[in-house]
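# Summary of structural features
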Amino acid sequence: MERHIFEAADLQKFTNNLFVAAGTPQHIADNVAEILIKANLAGHDSHGVLRIPSYLEGIENGGLRPDAEPNVLRETDNTLHIDGEGGFGHYTARYAIQRAIEKAKSGRTCFATLIRTGHIGRLGEYGQEAAESGCIGIITVGGGSKGGGRILPFGGALGALGTNPISIGIPTGDDRPFLIDFATSVIANGKTYVADSENRDLPEGCVVDKHGNPTVKTAEYNDGGNLLAFGRHKGYALSLFVALIGGLGGTFNIEAGQMSGLHIQVIDVNAFTPLAEYQKGVRAFLDAIKATPPAHGFDEVLVPGDFEANSRADRLANGIDIPDTIYQQLRECAEKWDVPMAEAQ
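Not measured: the values here are computed from a predicted model. Along each chain, residues carry numbers from 1 onward, in the same order as the chain's sequence is written. Per-residue local features of the predicted model are confined to residues with pLDDT of at least 70, and side-chain atom pairs are confined, for both listing and counting, to 80 or more; whole-chain, interface and lining totals are unaffected and use all residues. Excluding hydrogens and water, the side-chain values take into account all heavy atoms of the structure.

## Brief notes about the pattern of salt bridges
- By salt bridge we mean one thing: a side-chain nitrogen of Lys or Arg within 4 Å of a carboxyl oxygen of Asp or Glu. Inspection of the entire model under this criterion finds 27 salt bridges.
- A salt bridge links Glu102 to Arg99; its shortest N-O distance comes to 3.8 Å. With a gap of three residues between them, Glu102 and Arg99 both fall in helix 4 (residues 89–107), about one helical turn apart.
- Residue exposure (1.4 Å probe, protein chains only): buried if accessible area is under 20% of the type maximum, exposed if over 50%, otherwise partly exposed. Overall, Arg99 belongs to the buried group, its relative accessible area being 18%.
- In this structure, Arg283 engages Asp174 in a salt bridge whose closest nitrogen and oxygen atoms are separated by 2.9 Å. Linking Arg283 in helix 9 (residues 275–290) with Asp174 in the loop between strand 6 (166–170) and strand 7 (178–182), this pair joins segments that are 109 residues apart in sequence.
- Three or more residues joined by partner-sharing salt bridges are found here, namely Glu34, Lys38, Arg94, Arg122, Glu125, Glu129 and Asp181. Strands are runs of DSSP state E lasting at least 2 residues, helices are runs of H or I lasting at least 4, and numbering of each runs from the N terminus.

## Examining the packing of aromatic side chains
- Two aromatic rings from Phe, Tyr or Trp, using only the six-membered ring of Trp, form a pair when their centres are within 6.5 Å; if the ring planes differ by under 30 degrees the pair is stacked, by over 60 it is edge-to-face, and anything between is tilted. With the rule as written, the count across this model stands at four aromatic pairs.
- Measuring from ring centre to ring centre gives 6.2 Å for Tyr55 and Phe88, while their planes differ by 90°; the resulting arrangement is edge-to-face. On the criterion of sequence distance, the pair formed by Tyr55 in helix 3 (residues 52–61) and Phe88 in the loop between strand 3 (79–87) and helix 4 is long-range, its members being 33 residues apart. Assigned by exposure class, Tyr55 and Phe88 land together as buried.
- Aromatic rings pair up to connect Phe19, Tyr55 and Phe88 into one cluster.
- Here the guanidinium or amino end of Arg150 rests over the ring plane of Tyr221, the centre of that ring lying 4.2 Å away. Two limits define a charge over a ring: the Lys NZ or Arg CZ must be within 6 Å of the ring centre, and within 35 degrees of the ring normal.

## Section: unusual backbone geometry
- Here Asn199, not a glycine, exhibits a phi torsion of approximately 55°, which is positive.
- Looking at the secondary structure, you find Asn199 in the loop between helix 6 (189–197) and strand 8 (207–208).
- Since its relative accessible area comes to 68%, Asn199 is described here as exposed.

Here it is, written out as structure tokens:
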């Protein structure tokens, strides 16, 4: 399959120009484009420029307000309740994490809930922002209802839950924060988009077809199939937790048995122990774990955050690799919105 390699800066400028052409104010386009490219750099292509066509479609059909500014509905010294006003989720989530960090710095911790916001992209982006500020960040987003998702409850035959991801960022004092970022399904739904765009099979044990039979074919998954929760009943339980804590934002429907929402918590490390010493302790602990002799078939032991840091270094040096199917979709967007296409290396 033909591939196209782009420098991150060129791809980010192109992404920015597309959103501006579609009616997005410059400062919002700056944020969204940066976060999308950072997802590609981190190796999570499922949350990068692959998403551009769907966002532009959302703007066109009125489902996404490109100029919407977040609106704080309620706040205290340690809480925020933010309405995204139907705008870009990336922009609203970055606003929320930055406000939450400010509040945590003055009040030890902050808890925020978000409503009416579009897809916020890679959750790890916001966990990393918290960690880089000397805080611990916990971000969850998801929900579910009877027949209202692509993830099967453990023991169930009908999809009822979202992928319900969790991100946790913890500062290390260097450019490799401890960073958890995963869906509570075996793979995120976006990974099926990536597999589809690269014309390859999915890993075994991730999805079932519409009849409940295991499959690795994206076509069979797309035709009414479902994702499985990781760790069987354990991932299923975590998925329910994500929906329940998200519901603190008031986004639940008792009659329909539906619960969903987006939750952010930020904890200031300095409120409990000196940040510099804590970071030294975190790094020493993680390095001790990484020093474990690798098992057969592994080159080294990694800890959460290493994959993203390694990918970022590689792609900044060698460019971001875009499969031809996504490249052609981006070309169509460029032509439709009369924006010059970024030049591949």
